[in-house]
Each structure stands twice: as C-alpha cells, then as structure tokens.
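Observations on the three-dimensional arrangement
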There are 2 protein chains.
Amino acid sequence: MLKEYCRRQIELIDRALDGMLPQAYPPAIYEAMRYSLFAGGKRLRPILLMAAADAAGGDGRKYLHVAGGLEMIHTYSLIHDDLPAMDNDDYRRGKLTNHKVFGDGMAILAGDGLLTAAFETMLAQPGVDPAALVTVVREVAVAAGAAGMVGGQAVDLQAAGREVDGETLRYMHRAKTGALFRAAIRSGAVLAGAPGDKLAALTEYAEQFGLAFQITDDILDVTGDEAKIGKPVGSDEKNCKSTYVSLYSLAGARDMAAAAVSAALASLEGFGSEAAVLREFVNYLLTRDS
Amino acid sequence: MLKEYCRRQIELIDRALDGMLPQAYPPAIYEAMRYSLFAGGKRLRPILLMAAADAAGGDGRKYLHVAGGLEMIHTYSLIHDDLPAMDNDDYRRGKLTNHKVFGDGMAILAGDGLLTAAFETMLAQPGVDPAALVTVVREVAVAAGAAGMVGGQAVDLQAAGREVDGETLRYMHRAKTGALFRAAIRSGAVLAGAPGDKLAALTEYAEQFGLAFQITDDILDVTGDEAKIGKPVGSDEKNCKSTYVSLYSLAGARDMAAAAVSAALASLEGFGSEAAVLREFVNYLLTRDS
C-alpha cells in the first residue's frame, strides 16, 4: 500500500518538477540540471512534506511548489557532494554522476542553478498566505545552509579519512540530512495550518525519522544489494567514514534504528488515520532495501 | 561627494552584513564564507538597491536585509567563478581567492552557504509587506539562476578559449552581471513602492548601467592599474576571452560606454534631485579606475 501510494505521489511530483524546470536557454545548463533532477530520485522530501500536510488535516497536493523546491535542494547537494573536491563519486543511483557527464565546472553550475531554482520555485507557490510562505521558505533556507546541510557537509569534509566520535557523527547527520527532513515535515504542517501541539508532535516525528533514516542508510551500506542501492557496498568503510555501524556494530545500529522508529510512532499518538502514511513510512525504514 | 556617500553606505552595509552572518558553528564554514564576504567588496549592488529606493521616494536604509542578500549572492558567484574548474584565478581584489586559502571543497561549500544565507537573509527583511517581499526575492532568484547569472557563467564556461560574436557577448554579460544589477535596482524601487512609470524608468536605467559597467570593466582590464583593479592587467586577452575591447577596439568600446551612460541619464529625466546619486553613479563609470 505504501509502495502504491509512493508511486502515485512520485508521478505527481515528477510531472510538477518537469513543468517547474523545463528545458530552456541556455541549453547546456538546463540539460545538466535536469539530468540529475530526473535521475530516479525517490522524492522522499516532497512526499514527506505532502504527507505531513495531510496529517495536519490539509491537502498536501496543494503545496507542490514548496515540495518541488525541496527536491531541487536535495539534488543540488548530491551533485556538489559527488564532485572530485568532495566525495569524488562516479556513480549515483546507478548512473554516472553529474560531473562525469558534464564536467566539473558545469556540475558546480548545475548545483548552483538548482539551489537558486529551488527558492524561485518555492516562492512561486500559489494559494498560500505570503506571510506563511516567507516563514516556511526561510526555515528551509536555514535547514539547507551553514547551520544545516552545508555545515554538516563541511564537518564531513574535514572528518574525511579519520574516525569521529558519536557526538560528532550525530551532529553531522542531523545537519546533513536530518535538517532538511525536519524542514520538509514542518513546512507541510505549517502550510496546512497545524496548531502548535500538532506542529510540535510532527517536529518530534521528523527528528526521529531523520535519525532512523540515517542509521538504516549506514546499515544498507554494509548489508545492501549493490544493484538496489545504486552504489558499491562497503563504500563507507573503503572511504574510512565513521558510521553508526562502525561505531556501534551492526546489532547496535539495528537497535538504535528500532528505538528511533518507536519514538517516531509514539510522537504520532495524538493523530488518527490522517497520519497512517507517516506511520507506514517510518516503519518501512526498518525493512528498506534501497 | 559620491566617494563620501559610498564610504558611508559601505560602513552601514558592512556592519549589517557582520550582524547577518556572524561567526558561528561549525567554525570552518563560517570562516570561509566570511573571508570572501569581507574581502573588500565595493558593495555596488546593495548601494544601488538603496539608491533606487531613495530615488523612488523611499528610504533605502530600511532594506538592508535584501541589500545584504544581494552582496552574499555576488560574493558566492565570485568564489565559484574563481575555482580551478571554472576561471582558475588565484587572486581577487588583491587577496588570495577562497579556494587557495580553504581548499576547493570548502570553497564550493562556502559559495553554497552564502547563496543559501542570501535567501535566508532577504526573507528576514522586517518592515515590508510579505507579498511584496515574496515578489522581490523571487525576482532576485530568477536573476541569479539559470536564466541569469548561472546561465551566463555556463555560456562563458563553454566559450572559454574561443572567440564569440557580439550578440553572444551581450547575452553573456546581460546574464552574468546585468541581471543582478537590474534586480538590485528594481528591488529597491518595488520595496519603496515606486509606481509603474518610475519602475519602468529605473529598469531602463539599470539595463544601461549594467551595460556601461561591463564595457568599462573590459576597458579597465586593458588600461587599468594592477594595484587598483586587484588582478593582472591583460588577463582577458591572456585567457583568450572575447571582450568589448577585443571585438570593437578600445575607441569603439569607449564610444559604446558613453552611449550607455547617456541613455541611463536620459531614463532619469522624470526624476529630480532624489535621483542625483544614480546620476553620479553612472557618470563615474566613465572615469572609474577600479
């Protein structure tokens, strides 16, 4: 049921993204931006935004511009992370990375273009009170910037090739991936007009979801199927990256993931069937294979 | 008089920027971002935004957040343009470029962080109707993105080392530098509530200003004083870059710059002394030495 739900949402999001970022002039830069934007992403952040709006009693399909902007930010961060000056990855989701196809310079620009297009797209969101839109897009900017994603990546870059402690690892992941998940879920809730207590509950859900996502990501890097995860198994160990598995063992990481999932479910206790999708989503993390 | 005016405005803008982007955690990324943001920029875009608001009958000092955001966007674009994968420049304004000090990876992240901080900062602008703020920030995003700055840089990257025709050169400059000047001046006018005819006149001024700025920039690359322009004289020719001088000769470029300045002044005919600064500004381009 979650699979079918996601298939429908992805179709909706992909069609919207295609309209928000059509091929245009100058051709080379749009081609490079669209190559990565349509490289088979799972659209997790837009789906979560929309599911959170639904859980708050709204209709998530009304916020496709903000949702699409989040996917553009996620995509730009992957393009820049893959560059030789950063993680130096040749493949992503089983396809050549942006710089392997278009060259380093164009890949930097494609990332810059997607990050900028994200803000343009989010600010074009129709049907929302402008004051609420300003609040939401500003929160997304904080999550994506030096206090969030960019800062986490900077710490990761400095930690490359050496072991870090559990506290640094948690900071890094909270900043690198957790912050944008949090902004996605909170954006959906705020746009749908969630009252304070529901917003607080969904924020707690978002934080536990982000943690469970990251731990299971580290587990997948060890136990996953190369064809399904789209990158070589064991790449973290090869790159001497500290992970939840390297710091806490596979069994320890599995326990931590299960605890985060339980906490996420507990945060939704005040919700009824309108949060069914969010419950399914976080449960799925424990059995994900990609 | 223009010099003294700029000195005061720069002081105001620098103090505001320091408060908008204080040193924070994680230290390395903020240090890299602040290194370039406080590397002695002329703050031309923020000053123009504020002068345009003044010309439209408002008070430019009320819009320091939007003005500061423009400077962050300009700074990010310089950091990324200087990277080895792009123009590969070691010096900027007489100082080592960001990647020469912090490494390529951190410089990419510093640019990403500044671009994101720009939107966060602009959306924190107090005292402005949220609907107007959304309109203005969205226009800045369009100017900075693939249809503007990023697109112009992409065409420039593809043109590296070969001659381009006059039409391509004009497109490249309109996109690379003109678009953000235009957005700066229009933002000031819109924020100050300029009526349609004044907004149209200031838009025409902005386009002629951008053109004159670019032509005189190309002239300076040939005739300038290395100590004042902060980079080697003749670098465009060395890099086989087409410029207004290479395509139209030094005398031809000077005539074109003078014509653009005349057109900019003509566009301000409906304004009184409230546009005195804008008149002085465009006149100064003909005698600039840095």
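The following refers to the structure shown. Keep in mind it's a predicted model, so treat the numbers as computed, not measured.

1. Side note on unusual backbone geometry
All names here are of chain A. A cis amide bond links Y25 with the next residue in sequence, P26, at an omega value of 0 degrees. In this structure, R93 takes a positive phi of about 50 degrees despite not being glycine. Structurally, the position occupied by R93 is in the loop between β1 (91-92) and β2 (95-96).

2. A closer look at the nonpolar core
In terms of nonpolar packing, the biggest core is built from 178 residues, with I29, I73 and F281 of chain A together with I73 and F281 of chain B touching the most fellow members. Leave out the neighbours within four places in its chain, and I73 of chain B touches L115, A118, M122, V140, A144, M149 and L180 of chain B.

3. Remarks on the packing of aromatic side chains
Per the counting criterion, the structure on display carries 17 aromatic pairs over all chains. With centroids separated by 5.1 Å and ring planes inclined at 75 degrees, the aromatic side chains of Y25 of chain A and Y171 of chain B adopt a geometry described as edge-to-face. Here Y171 of chain B lies in helix α9 (residues 166-191) and Y25 of chain A lies in the loop between α1 (2-20) and α2 (27-37), a pairing that spans two chains. When its relative accessible area of 15% is taken as the criterion, Y171 of chain B is described as buried. One aromatic cluster is present, formed by F181, Y205, F209, F213, F281 and Y284 of chain A through successive ring pairs. The ring of F213 of chain A has R288 of chain A lying over it, and the distance from NZ or CZ to the ring centre is 4.4 Å.

4. Considering the interface of chain A and chain B
If you look at the interface, chain A gives 44 residues, while chain B gives 44 residues. Carbon and sulfur atoms supply 80% of the area buried between chain A and chain B, which totals about 3,600 Å² over both sides. The largest contributions to the chain A side of the interface with chain B come from L109, T116 and L123 of chain A, which together make up 16% of the buried area. On the surface where chain A and chain B come into contact, there are zero salt bridges.

5. Description of the pattern of salt bridges
Overall, the coordinates contain 30 salt bridges over all chains when judged by the stated rule. A salt bridge links R92 of chain A to D82 of chain A, with the shortest nitrogen-to-oxygen separation between them at 2.8 Å. Note that R92 of chain A is positioned in strand β1 and D82 of chain A in helix α4 (residues 64-82), a separation of ten residues in sequence. The exposure class of R92 of chain A is partly exposed, given its relative accessible area of 29%. Between D90 of chain B and K100 of chain B there is a salt bridge, and its shortest N-O distance comes to 4.0 Å. Note that D90 of chain B is positioned in the loop between α4 (64-82) and β1 (91-92) and K100 of chain B in helix α5 (residues 98-102), a separation of ten residues in sequence. Exposure remark for D90 of chain B: the relative accessible area of 33% places this residue in the partly exposed category. Bridged by salt links that share partners, the residues E4, R7, R8 and E11 of chain A form one connected network.

6. Re the packing of helix α1 (residues 2-20) of chain B against helix α3 (residues 44-55) of chain B
Two numbers describe a pair of packed helices, the interaxial angle and the distance between the axes. Residues and elements named next belong to chain B. For the pair α1 and α3, the least separation of the axes is 10 Å and the interaxial angle reads 110 degrees. With respect to each other, α1 and α3 are oriented roughly perpendicular. Within the contact between the two elements, α1 uses Y5, C6, Q9, I10, L12 and I13 and α3 uses P46, I47, M50, A51 and D54. Residue classes in the contact of α1 with α3 are distributed as nine nonpolar, one polar and one charged.

7. Quick look at the relation of the copies chain A and chain B
By a simple turn and slide, chain A fits onto chain B: the slide is 0.0 Å along the axis, the RMSD is 0.0 Å, and the turn is 180 degrees. Such a combination of turn and shift is consistent with a two-fold rotation axis. Looking at the rotation axis and the C-alpha trace of chain A, the residue lying nearest is P130 of chain A, at 2.7 Å. With an isologous cut-off of 70% or more, the 100% of interface residues of chain A that recur at the interface of chain B puts this contact in the isologous class.

8. Here we look at the packing of α4 of chain B against α9 of chain B
Residues and elements named next belong to chain B. Between α4 and α9, the shortest axis-to-axis distance is 11 Å and the interhelical angle comes to 170 degrees. It follows that α4 is roughly antiparallel to α9 by the angle criterion. Where α4 abuts α9, its residues V66, L70, I73, H74 and D81 lie against K176, L180, A184 and L191. Across the contact of α4 with α9, the residue classes break down as six nonpolar, one polar and two charged.

9. Brief notes about the environment of L83 of chain B
Topologically, L83 of chain B is positioned in the loop between α4 and β1. For the pair L83 of chain B and A107 of chain B, spaced 24 residues apart in sequence, the C-alpha separation works out to 7.9 Å. Residues within four places of L83 of chain B in sequence aside, it is in contact with I108 of chain A together with N88, H99, D104, A107 and I108 of chain B.

Reading the values: rules and limits
Residues numbered from 1 in each chain as written. Chains lettered and ligands numbered in written order. Predicted model: local features only at pLDDT ≥ 70, side-chain atom pairs only at ≥ 80, totals over all residues. Heavy atoms only, no water. Helix = DSSP H or I, 4+ residues; strand = E, 2+ residues; numbered from the N terminus. Core = buried A, V, L, I, M, F, W, Y, C linked by side-chain atoms within 4.5 Å. Buried < 20%, exposed > 50% of the residue type's maximum accessible area, 1.4 Å probe, protein only. Contact = heavy atoms within 4.5 Å. Phe/Tyr/Trp six-rings, centres within 6.5 Å; stacked < 30°, edge-to-face > 60°. Lys NZ or Arg CZ within 6 Å of the ring centre and 35° of its normal. Buried area = accessible area lost by both parts, 1.4 Å probe. Salt bridge = Lys/Arg side-chain N within 4 Å of Asp/Glu carboxyl O. Axes fitted to C-alpha atoms, helices over the stretch in contact; angles between N-to-C directions. Parallel < 35°, antiparallel > 145°, perpendicular 65-115°, else oblique. Nonpolar A, V, L, I, M, F, W, Y, C, P; charged D, E, K, R; others polar. Least-squares fit on C-alpha atoms with pLDDT ≥ 70 in both.

The values are spatial; any link to function lies outside them.
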